[in-house]
Structures are given as structure tokens and as C-alpha cells.
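# Inside the fold
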Amino acid sequence: MEKFITLTSTAIPLAIENIDTDQIIPARFLKATDRKGFGNNLFKDWRYNKDETINTDFALNNSDYSGSILVAGDNFGCGSSREHAAWALVDYGFKVIVSSFFADIFKGNALNNGLLPVQASKEFLSILIRTIENNPETQLVVNLETQTISIHNSEISEGFEIDFYKKTCLINGYDDIDFLLSKKETIEAFEAQKQY
């Protein structure tokens, strides 16, 4: 995985609550087992009208907005346990999702795929969405080392929680196997001391 330490980026506001995994990646696109290509169908039923024309009212289709941070409403990633939702968001280009609540399984799937879920307070989330909607060029700074998210060049900031193990993996670009391999010498030294 790619290392994640600090990200400064513009963001896309998606002020919709209870976005479930079927809205993120509809079930009809789950036939593939390769992680690539899922970004093409991210929010497919919202990005496109029934006649396959682009829905210009949807935030991801608004040319004013861009960036690798998605700022979404409360309860993001609810619904089924499909890991494909995280795959689609990563493949589309998102590195951070901000919400005031994440479904536990989605949160785990996101972290396992190098996608950082930042859980903010409802008040702070509301400030972020309003600020981005008023000025699409607003940049957010996500600092994983200090566990903070802030509006660039402002004093508006908030801390967030993350599991220490997952933080270590993201900062080093490790998946679970990479993490174990990074401890190989320690494991071998421990095994050498054991008496059978």
C-alpha cells in the first residue's frame, strides 16, 4: 500500500446521510474479483441518469469540486459488508473519507485498503461541508501522525481517533502481511530463545 502521513487536498462535499455500500457500488457490479475498475461504477446510480446521461446535479459530477477527500454525511458505509465499496472509492482516487460516523465493517475494509476514514464531530463535519460548498477551492489538511484534520490556512481543526496498529500500517504502507514481515527479526530472535 501507499504510505499515508499527511494529505493536503481539495474535497468533494456529499451531504447525504446513511450512504450504504449498495449506493457506493451497486451489487450488479460485484462480479469481478480484481480490485481495479470499480471506480468507474462508484455511485453509479447517482452519477448517471437511467438513460446513462451524466447527472449534473450530483457532487462528483460538479466540475467545481475535485480532490482526494470525500466529505460525506453521517453514517457512511452502512449496509452490507462488501469490501468492493472501499475498492471503488480507492480506485476512483479517494484517500480520505470524512463522516461523523462509519459502519464498523466499512471502516475496517477502508483501513485494510489504504483508505483513511476520519470520524469528525457532527458540528465539525457541518463546518467542513458548508465551507467547501461556499468555496470549492478550500483545502483540507489531514495529518495522520498528529491525528488532526483542519482547514488549510485557518485555525479550524479537530482531532480524530484511529487504532494504533492501523495507524502504524498506514504510515508505513503496510498491509497485515507486510507488518508481520517487518517484525521478522524480532520473531526469529524470540523463536531462537524458545526451548523445545
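For the structure given in this document, a descriptive report is provided here. (Residues numbered from 1 in each chain as written. Predicted model: local features only at pLDDT ≥ 70, side-chain atom pairs only at ≥ 80, totals over all residues. Heavy atoms only, no water.)

## Section: empty space enclosed by the protein
Note the following rule: Here a cavity is any set of points on a 1 Å grid over the protein atoms alone where a 1.4 Å probe fits but cannot get out, and a pocket is any open set with protein on both sides within 12 Å along at least 5 of 7 lines; a residue lines the site when it has an atom within 4 Å of a point. Grid points are joined across faces, edges and corners, and a volume is the space filled by probe spheres set on the points. The classification used treats Ala, Val, Leu, Ile, Met, Phe, Trp, Tyr, Cys and Pro as nonpolar, Asp, Glu, Lys and Arg as charged, and all other residues, Gly among them, as polar.
Applying the stated rule across the entire model yields 1 cavity of 30 Å³ or more. Every residue lining the largest cavity is listed: Lys107, Leu111, Leu116, Pro117, Glu161 and Ile162. Here the residues of the lining of the largest cavity sort into 4 nonpolar, no polar and 2 charged.

## Details of the layout of surface pockets
Remark: the empty space left among the atoms is shown by a probe the size of a water molecule rolled over them. Volume-wise, the largest pocket comes out at about 320 Å³. Around the largest pocket, the lining is made up of 15 residues, and of these Glu2, Val90, Asn113, Gly114 and Leu115 lie nearest the centre. Residues belonging to the lining of the largest pocket are distributed by class as follows: 6 nonpolar, 3 polar and 6 charged.

## Overview of the pairing of strand 1 (residues 6-14)
Quick reminder of the rule: Burial classification: accessible surface area is computed with a 1.4 Å probe over protein chains only, and a residue below 20% of its type maximum counts as buried, one above 50% as exposed, and the rest as partly exposed. A helix here means a DSSP run of H or I that spans at least four residues, while a strand means a run of E at least two residues long, and both kinds are numbered starting from the N terminus. Two strands qualify as a pair provided DSSP detects at least 2 bridges between them.
Here strand 1 lies mainly inside the structure; 7 of its 9 residues are buried. Inspection of the sheet shows strand 1 paired to strand 2 (residues 69-72) by 4 bridges, in the parallel sense. Looking at the pairing, Ala11 lines up with Ile69 of strand 2.

## Overview of the side chain of Asn75
Selection rule: Polar contact is defined as a pair of N or O atoms within 3.5 Å, subject to the rule that within protein one atom must be able to donate a hydrogen and the other to accept it, and that residues adjacent in sequence are counted only when both atoms are side-chain atoms. Contacts between residues were defined by any pair of non-hydrogen atoms, one from each residue, lying within 4.5 Å.
Along the chain, Asn75 turns up in the loop between strand 2 and helix 3 (84-92). At 2.9 Å, the side chain of Asn75 forms a polar contact with the side chain of Asn18. Contacts of Asn75, omitting those with residues within four sequence positions, involve Asn18, Ile19, Ser99 and Phe101.

## With respect to the pattern of salt bridges
Note the following rule: In the sections that follow, a salt bridge refers to a side-chain nitrogen of Lys or Arg positioned within 4 Å of a carboxyl oxygen of Asp or Glu.
Tallied over the full model, the rule gives 4 salt bridges. For the salt bridge of Arg28 with Asp45, the shortest nitrogen-to-oxygen distance reads 2.5 Å. Placement of Arg28 in the loop between helix 1 (21-24) and helix 2 (44-47) and of Asp45 in helix 2 is noted, with a sequence separation of 17 residues between them. Accessibility expressed as a relative area gives 45% for Arg28, which makes it partly exposed. A relative accessible area of 45% means that Asp45 is categorised as partly exposed.

## Some points on helix 6 (residues 164-172)
Every buried residue of helix 6 is listed here: Lys166, Lys167, Thr168, Cys169, Leu170 and Ile171. Phi turns positive, to about 70°, at Gly173, one or two residues after helix 6.

## Considerations on unusual backbone geometry
If a residue is not glycine, its phi is most likely negative; likewise, a peptide bond is most likely trans. Positive phi values are uncommon outside glycine, yet Asn18 reaches one of about 60°. Structurally, the position occupied by Asn18 is in the loop between strand 1 and helix 1. Positive phi, close to 75°, is recorded for Glu52, a residue that is not glycine. Along the polypeptide, Glu52 turns up in the loop between helix 2 and strand 2. When its relative accessible area of 49% is taken as the criterion, Glu52 is described as partly exposed.

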